[in-house]
Amino acid sequence: SLTEGDGTRALRSTRKGKSGSLVQKYKERNRQSLKLTAFEEIGLDPREAISRPIEEQFKLLSQAMKDKFGLKAVEKHEKANAKEAVDQLLDGFHNLSVLTQALQLPDQAIGLDGTLSFVALRNAGFYGAYFPDLKEIRIPARVNSFAHEWIHAFDAYMYMRYGNEGDGTVNY
């Protein structure tokens, strides 16, 4: 530790490497998704499915996400990288399946009664965001924050449904 000019003590990191690199390492997956269960669940051979055009893969996976998890919409922003979006959906399909098992929820609960949408973005300057007015989760690139953002969405959903005596109004 070091003593600062104002007399307070500060701890300095002694690790080597670029500042923020550890967060960068764990917030994003910089490899092709190996979780191909989504293709298997919709009846496709994963080896055949990954050889299809990338936009077709996105369309198949977005429909699979809507069907299994009850999402209102699964979209890719016009500037998003299609390959990253496909990998994001493959990882998301697997991770949401694990989340519903861990929380002992039916898969359809993720969609919050069909009100929740998901948008894959290109890099956006944040790790993920929930937009309550749109009921939309936006995740850039290959970020690992869907579950975190889903908890925000679930919190807002529960408040709108049961908070404020269930009248649907929000008073912060």
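Peer 1: Provide a residue-level description of the confidence of the model for the protein chain, including the pertinent values.
Peer 2: When pLDDT is averaged along the protein chain, the result is 81, and 75% of the positions lie at 70 or above. Across residues 8–15, where pLDDT falls below 50, the model places 14 contacts with residues more than four positions away in sequence or in other chains. Scored below 50 in pLDDT, residues 22–31 makes 18 contacts in the model with residues more than four places away or belonging to other chains.

Peer 1: Summarise the pattern of salt bridges; cite the residues concerned and give the values.
Peer 2: Applying the stated criterion across every chain, the model contains nine salt bridges. Among the salt bridges present, the one from Arg47 reaches Asp45, with a minimum N-O distance of 3.3 Å. Taking the relative accessible area as the measure of exposure, Asp45 reaches 35% and is therefore partly exposed. Across the pair Glu48 and Arg52 runs a salt bridge, and its minimum N-O distance is 2.9 Å. Of the residues examined, Arg52 reaches a relative accessible area of 23% and is grouped as partly exposed. Taken together, the salt bridges that share partners define one network made up of Glu41, Lys68 and Asp107.

Peer 1: Pulling in residues and values, what's your account of the sheet that holds strand S5 (residues 129–131)?
Peer 2: The sheet built from four strands is open, its strands ordered S3-S4-S6-S5 with mixed pairing. Only two strands of the sheet have a single partner each, and these edge strands are strand S3 (73–76) and S5. Between one strand axis and the next, the sheet turns by 20° as a mean value, whatever way the strands run. As paired elements, S3 and strand S4 (residues 117–121) share four bridges and run parallel to each other.

Peer 1: How would you sum up the nonpolar core? Please name residues and give values.
Peer 2: Met65, Ile110, Leu116, Phe118, Ile137, Phe146 and Trp150 are the most contacted members of the largest nonpolar core, which totals 31 residues. Mapped by element, the contributors of at least two residues to this core are helix H2 (37–41), helix H4 (54–69), helix H5 (82–103), S4, strand S6 (136–140) and helix H6 (146–162). Among the elements that line this core, the one with the most residues is H5, at seven residues. Setting aside its immediate chain neighbours within four residues, Ile110 contacts Phe69, Leu71, Leu96, Leu99, Thr100, Leu116, Phe146 and Trp150.

Peer 1: So, H4: which residues are in play, and what are the values?
Peer 2: With 16 residues, H4 should reach 22 Å at 1.5 Å per residue; the first-to-last C-alpha distance of 22 Å fits that figure. All of the buried residues along H4 are Gln57, Phe58, Leu61, Ser62, Ala64, Met65, Lys68 and Phe69. Along H4, the residues classed as buried sweep out an arc of 160° about the axis, all on the same side. Contacts made by the buried residues of H4 are with H2, helix H3 (46–49), S3 and H5. Residue Gly70 follows H4 closely and has a positive phi angle near 70°.

Peer 1: Residue-level account of a nonpolar patch on the surface, with values.
Peer 2: Among the surface-exposed residues, Phe154, Met158 and Tyr162 lie close enough to one another that they form a single nonpolar patch of about 280 Å² accessible area. Along the chain, Phe154 falls in helix H6.

Rules behind the numbers
Residues numbered from 1 in each chain as written. Predicted model: local features only at pLDDT ≥ 70, side-chain atom pairs only at ≥ 80, totals over all residues. Heavy atoms only, no water. pLDDT = per-residue confidence, 0-100. Contact = heavy atoms within 4.5 Å. Salt bridge = Lys/Arg side-chain N within 4 Å of Asp/Glu carboxyl O. Buried < 20%, exposed > 50% of the residue type's maximum accessible area, 1.4 Å probe, protein only. Pairing = 2+ DSSP bridges. Helix = DSSP H or I, 4+ residues; strand = E, 2+ residues; numbered from the N terminus. Axes fitted to C-alpha atoms, helices over the stretch in contact; angles between N-to-C directions. Core = buried A, V, L, I, M, F, W, Y, C linked by side-chain atoms within 4.5 Å. Expected span 1.5 Å × (residues − 1). Arc of directions from axis to C-beta. Patch = residues over 30% accessible without salt bridge, like charges linked within 9 Å, V, L, I, M, F, W, Y side chains within 5 Å. Areas by Shrake-Rupley, 256 points an atom, 1.4 Å probe, with all protein chains shown as cover.

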